[in-house]
Amino acid sequence: MEGRPERSAMDENQKAKLIFISLAAVVTILLIISFVYGNKARQARDAALKEVEALKQDNAKLSQYLEEKTREAEKFQKAYEECKAKPKPKAAPAKKTTKKSKSSKKKSKGK
């Protein structure tokens, strides 16, 4: 029976070690999981930042394009206004001639 108390003391030591190792394993697993999700989140953030940068560049290009087209439209608008403001020359009325032209007279005489 002397072996029994030693076993129980040994069992208590083993239980304490087992609990400590179990807690260490759980903490290690949680750290690994947090690192994995942290890396995934970091990659997603980097991808989003690249997309934002690309969208900023596209926005700058489109803004420049819009400014060019706006200037072009203003130029056309000014030209239109200038043309509209100019007095239109009145076309001379077409003269109706009942006389035969000289060349047609010559042809009729030669027959």
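Preceding this section is the structure that the text describes.
Enquirer: Can you lay out the overall build of the chain for me, pointing to particular residues and giving the numbers?
Expert: Broken down by element type, the chain carries two helices and zero strands. Total accessible area computed for the chain in this model is approximately 11500 Å², and 61% of it derives from carbon and sulfur atoms.

Enquirer: Please set out the packing of aromatic side chains residue by residue, giving values where relevant.
Expert: According to the stated counting rule, one finds zero aromatic pairs in the structure shown. Above the plane of the ring of Phe 76 lies Lys 75, whose end atom (NZ or CZ) is 5.5 Å from the centre.

Enquirer: Break down the pattern of salt bridges for me, with residues and values.
Expert: In the structure shown here, the tally under the stated rule is three salt bridges. Residue Asp 46 is joined to Arg 45 by a salt bridge in which the shortest nitrogen-to-oxygen separation is 3.1 Å. The class for Asp 46 is partly exposed, based on a relative accessible area of 34%. Judged by relative accessible area, Arg 45 falls into the partly exposed class, the value being 46%. In this structure, the salt-bridge partner of Glu 72 is Lys 69, at a minimum N-O distance of 3.9 Å. In this pair, Glu 72 and Lys 69 both sit in helix α1 (residues 3-85), three residues apart, roughly one turn of the helix.

Enquirer: A description of a nonpolar patch on the surface should follow, citing residues and the corresponding values.
Expert: Taken together, the side chains of Val 26, Ile 29, Leu 30, Ile 33 and Tyr 37 present a nonpolar region at the surface, about 490 Å² in accessible area. Within the secondary structure, Val 26 sits in helix α1. The exposure class assigned to Val 26 is partly exposed, which follows from its relative accessible area of 45%.

What counts and how
- Residues numbered from 1 in each chain as written.
- Predicted model: local features only at pLDDT ≥ 70, side-chain atom pairs only at ≥ 80, totals over all residues.
- Heavy atoms only, no water.
- Helix = DSSP H or I, 4+ residues; strand = E, 2+ residues; numbered from the N terminus.
- Areas by Shrake-Rupley, 256 points an atom, 1.4 Å probe, with all protein chains shown as cover.
- Phe/Tyr/Trp six-rings, centres within 6.5 Å; stacked < 30°, edge-to-face > 60°.
- Lys NZ or Arg CZ within 6 Å of the ring centre and 35° of its normal.
- Salt bridge = Lys/Arg side-chain N within 4 Å of Asp/Glu carboxyl O.
- Buried < 20%, exposed > 50% of the residue type's maximum accessible area, 1.4 Å probe, protein only.
- Patch = residues over 30% accessible without salt bridge, like charges linked within 9 Å, V, L, I, M, F, W, Y side chains within 5 Å.

Remember that the coordinates give geometry; whether it matters functionally is a separate question.
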